[in-house]
Structure formats: C-alpha cells, structure tokens
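Letter by letter, the chains look like this.
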Amino acid sequence: IAISLRATTPQRGLVLCRVSGGTTTQIPDFEIDVYGITCSGTGELACQSTVVQGAEVTLRFRGVGVAFNAEPDDEALWAPAGAVSGACTVGASGYDACVDAACASVQAAGAPNASVVFGSGGSATFTFTEGGSYELCYKFGDRAGRPWSLFAQRTASVVTVSSVTAAAGDLRSVVGRDLTVTFGGVGLSSADRAYWVPAGDTCLRAGTYALVYGDAYGGVQTLSASLGATYSFAASAEALELCYGFAGASGAFTKFAEFVATALVVDRPRRVTLVAGVAESVRFQGVGLAAGDTASWVLPSAEDCSAPAVATATIDASGRADFSLGETTEESGPLKLCFTFAGEAVAVFEDVTAEVVDVAPSQAFAVVAGYAEDLALQGFGTAFGDTAFWVESTGAAVDCAAADPVGEVQNVTVGRLLPAEVFAGYLTLELCYTFQGEPPKHYPSVTLRVYDLDVPTARFIAVTGRTEDLVLSGVGVKRGDRLKWVLPTQTCTSTPAGHGGQSLTTPATAIALYQHVFDAATAPITFTAGRADLQLCYAFLSIDGSYKPFRPYPNFRATAVQISGPAAVTAVSGVREEVRVTGAALAAGDQFFVSSSSSCDLASSPSGLLTIFNVNAAGTAGSFAFTPSSTGVRFVCANVRPASGYDNPYQTPIVITVKNLFVFSETVPTAAERAGTVAGSNAAAGVVSQSVRFYFAGPGVAPGDTAFWVPSTRTDCLCEGVGCVPYSDARGGRFTVTAFGDPALTDFASAQITPAVGTGTASGARYRLCYAFGSEPPKLFPNMRLAVREVTGPAFTVAPAAARADTPLTTQVVFTGAGLAAGDEALWVVESEVSSCEQADADGYSRVGAKTTILAGNVGNFRFGTTVVPSAVLCYRFQGESWQRFPGSTLSVVLSANPFARVQLSALVPRGAAFGSATPISIRGTGFQRTQPSDAPRAVQWFNDASRRDASGRSLYCRFTSASFPRTYSTPITQATSAGVVCATPVGVPRAATGVQLAVYAVGCTALETGVCEDVVITTDFTFYNRNSVEVVRLTPPGMPLGLTDATVTVSGYSLEDAAAGRNVNLYPSLGNTVVRFAPASGAAAIRQPATLPDSQRADAVAVVPFTSPTAGAVTYTVTLSLDGTTFTTTSAEFRLFTAVTSSSFPAGAPAGVGAAVTVTGVGFVNLDNSTVCRYTLAADNTTAYLVPGAVVSSTELTCDLPPGDAALGSYAVDVSLNGGYHYLLYQVEPLAFELYDLAAVVVGAAEPPGGPTTGGAAVTVSGSGFADYGDALLGCVFEDASSGDQTFVAAQVLEEPLRLVCEAPAAPEAARRCLRAAGRRLSVTEFAVKVSLNGGAAGTVSASGSPFYYYEQPTLNAIDLLELDAEGGDVLNVTGTNFRALADLDAAYASLFTVFIGTFQAPSIESLEAERATVVAPVGTEGEAIVRVALNGQQFSETTLNVRFLGLHAPEIVSASFATRANTLRITFDPQGTDRAGQGGSVFACALVLDDATV
C-alpha cells in the first residue's frame, strides 16, 4: 500500500491506523517518526535567533531526527529570507524538489551552513558575513540522499554595528571629560549595551568587565533611544576597541575592533622644573599627543584654562615644547598645565605642574684658596643634588655647558649650602648653577673672590730683636689682613710663636694675637724668641668686613734666628779659636765674621766670612773658628742663611777679647816688651830639681791664670788618654800665675816651678807651654819653650888615689844627661863636709879634687891626690845656672890596690829593693878584673883567692848603711865576673828607707895592705821600699784583641779618681829593674816582661803584652808588678786577650739628644772593668767623632750610649772598643752605621681613616715625611690620648712609593670606653692623635705632629624598610639604627666614609645620612638572603643579623683582573653569582643575560 502524507508537526513514534467503515484499527508493527525542526519561546531554542554579523555564533536546533546518526551528520543552512520560501509554494506540486534545489543553490552561493554533529546536542557554529534575515534549510542525515527541507518558522536575524560617531567628529576625549557617541547599524536597539576595552583585550561579560576595568574606560553603557551613549574616561589609553552587546544576543558582547576610541591625557612629567630666563625644552608624555598641540602654563590660582597663560608653546612630533619663563614661582606656587589636543578643547592637567627656580642675583662671596667653605647661596629651588661651579669672569656671557670649571664641580648639600673650594686665587669668578636635571645657567652677578697668598720659594728669615718687613703678594692681600707665625705642630688657633703685632691705628699700639698687614702688603715682624721652623697662619679681611679664619700655609715658612751667647769669649792672638755659639735656629751655612767695631762692616773685618760647623740637631749650638791676628776687643757679626738670600749682617751679643803672650822669660821683661813694641824672649831654661822662675807678659795676662808644660811632641793641650790629666808633676805640674813686683802693672805675672825631668837644650826637645787665660781652656803656645837640664850619669865612678901628694892622678869622667855642654863646671864634694854646692865653690873646696870645666864630649878631667874618699856626690853647674847637686852620680877615691879601684860603673840593677827580702843586686861595669899580670888583684881575683876568704868563705861584701837603720847590714857578694858582681839585699832591714848608701868592700887584707879593704861607695841613693805600699790598682787597657804585636799595657798604682784630682799615691820609684809578670789562668808558666816608668811622678809602668796567636783562643792573665825584679805585688789585676767582632746594631737611628742606647750584637764580647767605649764618627767629614760609654751585657750583646745632645745631625760610623778606645773591634759583615736625625723632620701629614671602633683593628694609613726604618718593629704609629696624653705604640707595615705606614689601631683604653658609654649620645667619639715614632715609641722619639683619630662605639642596626631588593640594584631603602654620624658630625668630609654592604656588594651611594637613619641605594646582589652591614670608617662593619632578600639576577660584576706570572693569561674574577651561560655546569646563570654568544 502506497501512502502519501505530509506531516505538519514533527513527532516521534506515530502509529498507522486503518479506518474502515467508521472503525479505526492500528496496523501493528508499523510506526512513523515525523522529522522536523521545532522552536518556541525565547532563548536558544526560540524560533528567531539574533546573531551578530561577522561573529561566530553557535545555534542549537531542536526537533525530531536532529543529529540522530553518528554518520553522516545533519546539515543546517541559512538561506536569505524568501530565497527558498518565495521560490517554492507550499502544497504545490514539486514543492519538495523545489525546496531541495533552492537550498542547494543557496548553499552553493556561500550561505552560512554547518554540520550538526552527532552528540553535539543539535548545535552548529555559523558566521554570518552579511546582515539581514535568514530562513533555515535543514538536511537530516539519518540516511543518504535526504533532500533539503525548509523550516521557514526558524529564522535568524543578523545584526551589526556599522558606524560609531561623536559630536566632535572623532572618538577622542580627554581623560575626565564626557565622550558621547551614536551607534549605527543593523538590529540596534535602545536595549543594547556597549563598552571600551584596551586594544587586544577580549570582550567580557558585563559583570566581569566591571570587576576588571571598573570605570577606567567609561564603564558599560546602555544605549539611549537615539542609539547613543556617553563615556567618561578615567584612565588614558592610546586605542580602546568597542565591545557591543545586542539585546537579542543573550547579553554576549562582540568586539568591533574597527571602532577605536582614544582617552587623551598628559601625565608626564609630573613636575617640571624650569630655570628662570633659560630656554628649556619640556617633553610632554601621555596619550594622544601630536605635533601642533599646544601647552600653556597658568597660575595655580586660575580656575580654568581661560585665565591668561604665563607661557604657551607648540609641541613637536616628539612631544617637546620650548619655554622661557622670567620669574620664579616662589610666591605664586607651582604653575598648572593647560593642554590643547588637536581638535579638542583646551584641558587643564593639574597633576602636571611647573616650578620656576632661580638663584638670586647680585650675591658676592669670598673664600680662601685651598680651603673648602660652605656658601649660603640665596635663591628659590636650590636643593640637595644641584651642582654648581665657578668660571672666570670675562665680561661676556658664558656658555656654562661648554665652560671649563675653576675648581671642582660641587654638589649642593642637604642644608642647601654650596661648598666652594678653589685652589688658586681669583679676583672675580662667576657662578654657573645647574638645578638638578636642568641646563646650567650663568649668573654673572653672583661672584666669588678667591683670596690666595703667594708662597715664596725661600723661607722668611729674621733675627730676634730686629724688625723685618715681610712683603706679601697674592690675590686679595691688602691692608687690614692679619697674620701670625706658629710652630708646625700647632694649629692656627694658637697664639703667635715668639712675636707680637701692631694695630692699624696711629700711633700703633701693641697687640698680642696677630700682626696686621700694612700698606704695600707689608707686615713688620719682630721676633722675640728664636724658632727654627715656623709656618704662617693668615686671615683675610673679607668683602663683608669680617675676617676669614686663620688658615695655615704649611709651605710658607719662617725661621727666627736667635744668637744668645756666649756673651764673652777669650781668644789668643795667632791661635785658632773655636767659638761655640748658642741660641736657637742655628743651621749649617750660617756665617759669622769678626769686626773691630759694632758697625758690622764686612769689608774691614779681620776675619772675613766664617761658616758655622758642628751644628747640633736642635740648632741650639754650633761653632765657628778663626785665628785672630791682633789683640783687643772684637765684635761678632752674623749673616744667617746666606743661601736663602738673607744678606743683612747684624751684631750679635758675642764679644771676643783677644789676648796674647808676648813674652816668656827668665828675666823681668821691660815695659816695651810687655807692650809688645819690641820682641821679648820666648824661652827659659832650668835645671832638674832646681826651682826656676819665669815671667809672662802680654795683653790679658793676669794673676790667676794657669799654665803647664807638655812634651815637645804635643800639638795640643788635651789629655793624652782616657781618664788622664794633660799635665805632669815631673814637668812642674799645673801652676798658677801670680803677681810680681808692682801690683799696678797689668798684663804681667810670673810663676815658679821645680821640674823633675830634664829635656835638654835642643829646640826639638824643649817643653811647650799650655797657658789658660782665666777660666778659659788652655791654649798651646808652641813658640814658648822651656829647656830643663839634667845630669843622669855616670851613676858611680871610682878614682884611684895618688901614691904621692905631689903626683896626683887624673881620672876622666864622661857625663851623660840633658843640656850638658862644654864650659859647664863640675865639682865632687863630700856632703857631710859642705853646706851646699854654691858654698863649696865659694870656699874653693878641693878635698875630692878641684873643680873642673867640662870639655867637648861632656868630658870632665879630675885630679885626685892621696886622700881616700869613700863617697862623694856631684855638684854641677850648667852655664848661666847656679850649682845643682846630683846625688845620683857618686865618686869614690880609693887606694889603687883596692879590688874595686878600677871599677867604672855602668849600671846598678836594681837601685832598690823591697825590705825584708833578699833581692839580687847586680853591680855592672868594667874594671872588675885586672888586665895586666902586674896589676893589683881586682874583684874577680880577690873573689877567687881562697886565701882572702873569711870564716864564712867570703872575701867580698856589699854594705847597706842608713841613718834610719839601727845598724849597718852586709851581705856577701856571691858572684864576680869581669862584667860585675852580685850580692843580695839583707833580709833584716827593718823598714823602708831612701838615700841608703850601698858600698862594696873586701876582706882578707894583710897588715901591709892598710886601707885596701876600705868601703867603695857605689851609691848613696839606694832605696828600700815597703812592698805593701806598691799596688796594682788598674791596667790600661785591661785587655785587648788577640794577635797584636808590640802592644803595651800600663800598670797603674792609682785610681782614675786620684789622677783627675792630682793625687799621686803609691808612686813607683824607678829602681832600674821594673818587671810586669803575666800569669796565665791556665796555670802555665808566667811570662816576665820588662817595664818602663815613663813618669817619675806617676805610679805607671808600661810593658809589652806577650804575643798570642789569634787562633789560640781567649787568654786571661793575672798581672803583678815588681820594682826590683824579684818581689812582686800582692795585689794584681786581670788582663784578658780576646777575639771579638761586631755584627749588627739596633736601632740604626735616633733623634738627637733623645734615647737610651744602641744595642750592638756580635761574638766574643768581654767586660774589661767597664771600659767599653763607642766612637761615633760623622760620615760627612770622617773627622768629627764622639766617644761615649758602652756596657757589655753578654758575650753577644753590648750597649752604646748615644752621641751627646749637641752632636751634629747626620750619618755616623759606629766603632766599638772593649778596652777604653785603645783598640776597636772588627766587624763581621759590614760596618755599623747610625743616623742622628732631627725629630722635627718627622711630620705626620694625614691618617686615614680618621677613626675606628673602640675595639680597635682599624688599618690606619699614615702619610707624611721624614719616615725611616731604623730597625725591626721600630717604625710605627703612636696613638695618643688627647685628654690624658697616654701613648700606645703599634709597629707599622711599610708601603713604598710613596712611603706610607699602615698601623692597626689598638683597642681604646678602658677608661676612654667607659667615658663613651657613660656619655651616651652626648659624646659620640673620644679623640686621639696618630703620631709616628721611628724608635718604637720610646720617650722623646714621638713626632710632635699628628693627625686626629677618633674612637667611637660601633653603630647598631635596628630595622630596614625594604626587605626584598632587585638583584640588578638601584632600589632605595632606609636603614635605621644608632650612631651613624659619629664621624660625620666631626667633619662633613667624613660622611663619605660611611659604607653600607648588602651581602658581598657595597652600596654605590648614600643618599642621606642622619644620626639614626641612612638612605641607601642598593647594589647589585646575588639571589637569596644577604646581611646588611654598615661601617663609619669604610673598613670595620658592625655585627648585625638584619637580612634582606635579593630577587632575580644581575649583570655580572668584575671583581678583579690580573695577568698570570708569564703575562700571557688574563685572569678575570667575577662576583659570586654564577656565569655559566654555556651550561657546562648544568645550569644557566646571569651571564646569559648580558653576554653574547661569542663571549661565552
């Protein structure tokens, strides 16, 4: 059965019923689904859908059969309204085919169509590209070949916005103003809504939009009946795109990006600073700015932009506009911006303001060159961060941008002060000022005068008591300025050093604190006290009438020379005189000359210029030497510092009286001789042991003068050795000149002495005179000579008596001695028979032969008769002299048969002995043995003739006779040879005695030999001495180095104190057999060395020291003395032979007159009775030397005193003697050296940093001059408490080029720390001074100058206001704490030392610094936690636990760069942040951000 039907309503599950005869019956198993699209109501299943043109839209279809199968899909097609329904009539034949064909045709034309996919819920997505109404063509996909069906009730209305217009013609509006627009298009209604979003943003639902954008872009607006909406933009935007929501489109908003609105605004710069009178370009920024827009500035009081503009300009394409405003906004306040965008009404932007700033005109300032001063610059808008500099005035405008600054560009301080520091003088400088971020402006009426004082190359030299004009020059030097001279160690707040001043009034009055500058820039200076070194302090009279502070000029130096003495000097004509000048500020090169008048005329000076020498370190003493040619009063004139240009000699207070000896004579000089008009005698003669008077005459000779005689070999009147006196009692001692004759006679005196040692009459042997005028040192008069005559032999003569009176026998005697000459006379006398030699000669005494005249060869021929004379002594008269007895020469006249009748005595050894001991006595000579067989037996024959011997077996004896003995004493002669006989002294002699007669005699004479055995007197001057009175007190030297040949030692029986006092005790009589015995401590055999007695009036014996090889090792001798060769002293002294060398000394320098000692090291040092001496020889002349005591500490160490305080400055060679200066030690490696330096030359210039925490540890770098290293740990810093003066020395590390010291500051004393803690905030530092010592800080070695050093308590950190920092740096954070300005409050310059470290990096700048807060610009950092630390001195950081965190990475920082040893590799060290871009370590770090591919 074929059924054709057209269902009108889609329905699923219809059954088929058959109607038959009115009965309806369902056909079983037969159902029909009627496919179709249904719609109803509103919403997504409404019959009409509103869609937006060009926008994707998803439509849902409801009905039967929709998306029934998975495959194929249903298809939906939107045909323009009427395109199908208008072409096909419902119910007409072929309707379905028509519909299918019409829909297919529309599809082919590109109508919107889409597949309705199984499972999509009947949804499909379409894009309608054209507006209008559409009807639905639908093809069910349940089986292939289904045709298109038309569902005309399901329609789509396509809406769109085709235009958006505004009244002004464009979619632009100034932020804050209303923008009203009208929409045009298809499907628009008053229920539609629209809003604006930034370009690129998506459209949101209305609620979400409100949350995201709020009212920034005018909000969501509903269209008015006229399809318009009004927007008020609160935020600027360059391009806002339209989102439109059609009322019929279920509230969805569609982007219409072709409609763009602009929210115009000018929002930068917020604050414009303009400099009055300067054309400046302002770059405006915002949204919508374009070339041709205009910008105007109006007063802040203007209500709108209709008010008159202060300035108007047109902006260019870059947004810049040029303005030039004439007045500041100090009174009006900041200007407001009025801006006109092209096509828009002018708008005011009150957030963009302009401040017009300027420096007030007509300001004049003055500063002193080289000294910073803060200027209170007047103006509006000046602020911290501004900069300024000065330019030279040219009278024309200056382009400050291209000008060269005079001095440094300065930053305006927080207190709006302009630091000014110019290092040269200028009459007028003009200001160039740069407000921060602005172009510089030239201010020709704001001027600066820079006062400057020209510093001369030569120092100002003056002498005390004389007014010297100091001529000054420089910029601003003028009448009314003030100056003063101070010591270099003083500040300019000190009072003048050694001078006063004068007022400017007429008449001038004295003032104490300074000296004024007078006309012609001249200041009269009168120094009242000498000063070696002064520096100038100068105060300029400023342009406002005030005075600048006194400023030091360290290189403007002065020396005030003072010569104070000696007031009186005695010199001797013809004798070189060294005058030791005293005063202050004396220096090498100063000159003196001697003038006969006080006029100081150099041309008439008898001396010419004399240069000072041996100036001591302090400059308080020096010497000049001259040789006066005539007597009288002389004035000393000085010309100080001739090398410095000072050439104005003046009279010193020194007066020299020149004296002289004209006459030295044995006779009273005549008046003419005393006056010097005729030549007087200069020689005298005397005889040993005979008093001689002589006379002195010459200018200045007066009673009380003293004199003494020295050997002919002496060239001065100094002591011959250590601890001695220059005169000898043997030469008459030191005698005092006394008045003689008329007391009214001036320049005339006499003296009388009795010499004990002869000189002879030869001119080369005579004594020379040392004469001392008054208390002056003795001076040598080498032309004044004294000859002393003496007979020294023969000691004993035996003459045979004549057998008959008429045939006397002649005996020839050859005399020896000094001054003997033909024509002298000699006479033998028996002392008991005559009262004197003079009387014997007068009485014609001839019992022992007659007087004889001495012949040539000093021969005397004596004729003797038959009279036997046991003993006679010699009387001798030198020509022109009186008779003199010489008991040392004796004569015996004996019978010719006497065994000793032919003896000629050559020596008696010894001539004395210790009593109580048997000392062998050797009587030596000739005639002890007969020469002819017919001759009578002589001593040898008698001694050997047994028939002559007595019961004791002896035939010859010695007899000792003295009035002080109870009896005579005889001892046998034990040996007789042709050379002499030997006997011993008797042991029984009870006491010491002199003048003992020693005779020899024979026994065994027969009755026929009457008188043959009589005594023959050998001497009447034999001595018995008490051995206990002879002592060995000391040895000179007490030891010496090994290996010396012919070296001598002097054994003395008196102390040095006795010698200095002239006490001659324990004399060593000369007995002819003095022996010094050296007994080794080792016990080896003693060594006997003969000794000599050089001075009969001194207990001195000189012997040669036994030679000992240098390789033998040290030797110690016990030294004793024997005067008779047999009996040695019970006292002894130790003599040591040693080997010693020096190796080093410490310190190698010291200030003059200060210091304890120099320590010398070496080997082999021995203490020889404390006789160590040290010699300092000035290297400059290798002549000037100072001998000072030393002391042996150990075998490897000794000490030397320093040179005396008046020693000359300079380098010295140091030699050491262990034995009083007789022998000096060799050195092991190099000679010892020592520097005597001027402490005033050690000057501290600066110490950096200027402070540190009380815990110490600051590394202080000290610069200055005069630093030198004189030994390990000697060069260093002295930290001196300014209040107590307590000092602490710290050894320094030395840095070269230039020489600087680095010292670690010690911890502050506890007392200072307690003071700081107790004072709290009232006292933030305690002041010390850093000084320098070259000698370990020893007393007197610390420099006078120093640099301030302040101890402070470490700052504390309490809080940080920014805890997260960008690793690239640049963040600004505030650090709060305490004590941040402990140093900065002392000096603003110290603020630059305040240092902040965040982690391992230093903050690049400190924006502001207050006592409890610092504003810091953060450095770069490494990501992670970092500790914040602060230091006041740039070194020592406070302990803290405050952390910040760095976020991100920073550009790598180079920490260091250096070449390797071979200089072929450059090593670069980066900061700790990783730099591994290439990934070798498995990570990519910061280098990847900043380095290119080729770098890594």
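About the criteria used
- Residues numbered from 1 in each chain as written.
- Predicted model: local features only at pLDDT ≥ 70, side-chain atom pairs only at ≥ 80, totals over all residues.
- Heavy atoms only, no water.
- Salt bridge = Lys/Arg side-chain N within 4 Å of Asp/Glu carboxyl O.
- Buried < 20%, exposed > 50% of the residue type's maximum accessible area, 1.4 Å probe, protein only.
- Phe/Tyr/Trp six-rings, centres within 6.5 Å; stacked < 30°, edge-to-face > 60°.
- Helix = DSSP H or I, 4+ residues; strand = E, 2+ residues; numbered from the N terminus.
- Lys NZ or Arg CZ within 6 Å of the ring centre and 35° of its normal.
- Lys, Arg positive; Asp, Glu negative; His and termini not counted.
- Polar contact = N/O pair within 3.5 Å; in protein donor to acceptor, adjacent residues only side chain to side chain.
- Contact = heavy atoms within 4.5 Å.
- Disulfide = S-S within 2.5 Å.
- Patch = residues over 30% accessible without salt bridge, like charges linked within 9 Å, V, L, I, M, F, W, Y side chains within 5 Å.
- Areas by Shrake-Rupley, 256 points an atom, 1.4 Å probe, with all protein chains shown as cover.

Considerations on the pattern of salt bridges
A side chain of one charge can pair with a side chain of the opposite charge when the charged atoms of the two come close.
Next, step 1: Counted according to the given criterion, the structure contains 35 salt bridges.
Next, step 2: Two residues, Arg172 and Asp170, come together in a salt bridge whose shortest N-O distance is 3.8 Å.
Next, step 3: With its nearest N and O atoms 3.2 Å apart, the salt bridge here joins Lys478 to Asp481.
Next, step 4: Lys478 sits in the partly exposed class, given a relative accessible area of 26%.

Focus on the packing of aromatic side chains
When we look at a pair of aromatic rings, we describe it by the centre distance and by the angle of the planes.
Next, step 1: In this structure the tally under the stated criterion is 72 aromatic pairs.
Next, step 2: An angle of 80° between the planes, with centres 6.4 Å apart, marks the rings of Phe1078 and Phe1135 as edge-to-face. Taken as a pair, Phe1078 in strand 79 (residues 1075–1080) and Phe1135 in strand 83 (residues 1133–1138) lie far apart in primary sequence, 57 residues in all.
Next, step 3: An aromatic cluster of three or more residues is present, and its members are Tyr35, Phe61, Trp78, Phe126, Phe128, Tyr134, Tyr138, Phe140 and Phe151.
Next, step 4: The ring of Tyr451 carries Lys478 above its face, with NZ or CZ at 4.4 Å from the centroid.
Next, step 5: Lying across the ring of Tyr1054, Arg1034 places its NZ or CZ 5.0 Å from the centre.

Some remarks on the side chain of Asp192
Next, step 1: Along the chain, the position of Asp192 falls in the loop between strand 13 (178–186) and strand 14 (193–198).
Next, step 2: Salt bridges are absent for the buried Asp192, whose nearest opposite-charge side chain, Arg193, sits at 8.2 Å.
Next, step 3: Engagement of the side chain of Asp192 in a polar contact is seen with the backbone nitrogen of Ser189, the distance being 2.9 Å.
Next, step 4: A distance of 2.8 Å separates polar atoms of two side chains, one belonging to Asp192 and the other to Tyr244.
Next, step 5: Apart from the residues lying within four places of it in its own chain, the contact partners of Asp192 are Gly187, Gln221, Thr222, Leu223, Tyr244, Gly245, Phe246 and Ala247.

Thoughts on the environment of Asn1073
Next, step 1: Its place among the elements puts Asn1073 in the loop between helix 6 (1056–1061) and strand 79.
Next, step 2: Asn1073 sits 198 residues away from Gly1271 along the chain, and the two C-alpha atoms are 55 Å apart.
Next, step 3: Excluding its chain neighbours within four sequence positions, the residues that come into contact with Asn1073 are Val909, Pro910, Ser1122, Leu1123, Asp1124 and Gly1125.
Next, step 4: In this structure the side chain of Asn1073 is engaged in a polar contact, spanning 3.0 Å, whose partner is the backbone oxygen of Asp1124.

Regarding the state of the cysteines
Next, step 1: The tally for this structure, following the rule as stated, stands at 14 disulfides.
Next, step 2: Linked covalently through their sulfurs, Cys103 and Cys137 form a disulfide whose S-S length is 2.0 Å. Of note, the bridge from Cys103 to Cys137 carries an S-S torsion of about -70° and is left-handed in sense. On the criterion of sequence distance, the pair formed by Cys103 in helix 1 (residues 95–108) and Cys137 in strand 10 (residues 132–139) is long-range, its members being 34 residues apart.
Next, step 3: Judged by relative accessible area, Cys103 falls into the buried class, the value being 0%.
Next, step 4: We classify Cys137 as buried; its relative accessible area is 0%.
Next, step 5: Disulfide pairing places Cys400 opposite Cys432 at an S-S distance of 1.9 Å. Looking along the S-S bond of the Cys400-Cys432 disulfide, the torsion reads about -75°, which is the left-handed sense.

Structural notes on the side chain of Lys659
Next, step 1: Tracing the backbone through its elements, the reader meets Lys659 in strand 51 (residues 650–659).
Next, step 2: Beyond its immediate chain neighbours, meaning those up to four positions away, Lys659 contacts Thr570, Ala571, Val572, Ser573, Thr631, Pro699, Gly700 and Phe773.

Observations regarding unusual backbone geometry
Next, step 1: A cis amide bond links Thr506 to the next residue, Pro507, at an omega of 0°.
Next, step 2: With respect to the helices, strands and loops of the structure, Pro507 is situated in the loop between strand 39 (501–502) and strand 40 (510–511).
Next, step 3: Backbone geometry at Arg641 places phi at a positive 50°, although glycine is not the residue there.
Next, step 4: Of note, Arg641 is situated in the loop between strand 50 (632–639) and strand 51.

A closer look at a nonpolar patch on the surface
Next, step 1: Among the surface-exposed residues, Ile1454, Leu1466, Ile1468 and Phe1470 lie close enough to one another that they form a single nonpolar patch of about 360 Å² accessible area.
Next, step 2: The element that contributes the greatest number of residues to the nonpolar patch is strand 112 (residues 1466–1470), accounting for 3 residues.
Next, step 3: Assignment of secondary structure puts Leu1466 in strand 112.
Next, step 4: Here Leu1466 falls in the partly exposed class, since its relative accessible area comes to 48%.

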